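One letter stands for each residue in the lines below.
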Amino acid sequence: MKFLCILDAISKMRSNMKRTIILVTTVLAALLITTKSFAQDDLVRVFRWYIPQDGQFVTVADGEYQDGQLINWGWTDKTLLFWGYRTPGPNRVAVNGWMNPVTRAHISICEDEFTDDQMLKWGYTQKHLQYYALTRRGSNTVCVYRWLISKRNSWITIPEDIDTDVFLKKGYRRKTYQYYGVYRNVDAPIYDQL
């Protein structure tokens, strides 16, 4: 009889332990998923588009314009360059987009590269915040440069991991360091699930 009482107590205890383990596991999983989604919500994809009519490349953050709107304007060759941040933070710099209505050149510059007065004197207008970029190299980052083709006053943003031979052949020169982007390849969503 004592044996059955002990066996009954152990089975009740085992049942309560299972519930406790399931509860703790569920809470930890929810915290992990919530934390991961907040971190990913702060990331924004940064693309390069090409404007054939002007022979210009434009750097555009996801959500800055609707894709349909850009396609309607005749923009083509949407290419993912890297990821930036939606919000300011430590070791981040604001990246602003400018447009020159005379030369139809688009440029993305950090907030401390040139003053607004300089940009206005050079004919650039329509300043708008695009995203925030890192000022220091870290793990999973890529160095981002701006190149210029002088004959058309055309700028292009190129991460260090892209083959630049094509752009050198087109006449792009004056490679200038800008900032660091978050490197994300096509397999990133798979790894994020692990």
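This report concerns the structure included in the present document. The structure displayed is predicted, hence computed values, not measured ones. (Residues numbered from 1 in each chain as written. Predicted model: local features only at pLDDT ≥ 70, side-chain atom pairs only at ≥ 80, totals over all residues. Heavy atoms only, no water.)

1. Topic: the environment of Val95
Here comes step 1: Within the secondary structure, Val95 sits in strand 4 (residues 92-100).
Here comes step 2: Residue classification places Val95 among the buried residues on the basis of a relative accessible area of 0%.
Here comes step 3: Spatially, the C-alpha atoms of Val95 and Ala133 are 6.8 Å apart, while their sequence positions differ by 38 residues.
Here comes step 4: Every residue in contact with Val95, bar those within four places of it in the chain, is listed here: Ser108, Ile109, Cys110, His128, Leu129, Gln130, Tyr131, Ala133 and Tyr179. (Helix = DSSP H or I, 4+ residues; strand = E, 2+ residues; numbered from the N terminus. Buried < 20%, exposed > 50% of the residue type's maximum accessible area, 1.4 Å probe, protein only. Contact = heavy atoms within 4.5 Å.)

2. So, the packing of aromatic side chains
Here comes step 1: Per the counting criterion, the structure on display carries 9 aromatic pairs.
Here comes step 2: Three or more aromatic residues joined by ring pairs form one cluster here, namely Tyr65, Trp73 and Trp75.
Here comes step 3: Over the face of the ring belonging to Trp155 we find Arg146, whose NZ or CZ atom lies 5.0 Å from the ring centre.
Here comes step 4: Its end group placed over the ring of Tyr145, Lys175 keeps NZ or CZ at 4.3 Å from the ring centre. (Phe/Tyr/Trp six-rings, centres within 6.5 Å; stacked < 30°, edge-to-face > 60°. Lys NZ or Arg CZ within 6 Å of the ring centre and 35° of its normal.)

3. Overview of unusual backbone geometry
Here comes step 1: Residue Asn91 is not a glycine yet carries a positive backbone phi of 60 degrees.
Here comes step 2: For Asn91, a relative accessible area of 38% puts it in the partly exposed group.

4. Quick look at the pattern of salt bridges
Working definition: two side chains of opposite charge can pair if their charged atoms are close together.
Here comes step 1: Tallied over the entire structure, the rule returns 7 salt bridges.
Here comes step 2: For the salt bridge of Arg137 with Glu160, the shortest nitrogen-to-oxygen distance reads 3.2 Å. Of this pair, Arg137 sits in the loop between strand 6 (125-134) and strand 7 (141-149) while Glu160 sits in the loop between strand 8 (154-159) and helix 4 (165-169); the two residues are 23 residues apart in sequence, bridging distant segments of the chain. (Salt bridge = Lys/Arg side-chain N within 4 Å of Asp/Glu carboxyl O.)

5. Notes on the nonpolar core
Here comes step 1: Ranked by size, the top nonpolar core spans 17 residues in total, and within it Tyr85, Trp147, Ile156, Phe167, Tyr172 and Val182 carry the most contacts.
Here comes step 2: The set of elements that each furnish at least two residues to this core consists of strand 3 (76-85), strand 6, strand 7, strand 8 and strand 9 (173-182).
Here comes step 3: For this core, the element with the most residues is strand 7, which contributes 4 residues.
Here comes step 4: Beyond its immediate chain neighbours, meaning those up to four positions away, Ile156 contacts Arg48, Phe57, Tyr145, Arg146, Trp147, Phe167 and Tyr172. (Core = buried A, V, L, I, M, F, W, Y, C linked by side-chain atoms within 4.5 Å.)

6. Thoughts on the pairing of strand 5 (residues 105-110)
Here comes step 1: Most of strand 5 is tucked away, with 6 of its 6 residues classed as buried.
Here comes step 2: By the alternation rule, side chains of strand 5 split into Ala105, Ile107 and Ile109 and His106, Ser108 and Cys110, which are all buried.
Here comes step 3: Alignment of strand 4 against strand 5, held across 6 bridges, turns out to be antiparallel. Bridge pairing links Asn96 to Ile109 in strand 5. (Pairing = 2+ DSSP bridges.)

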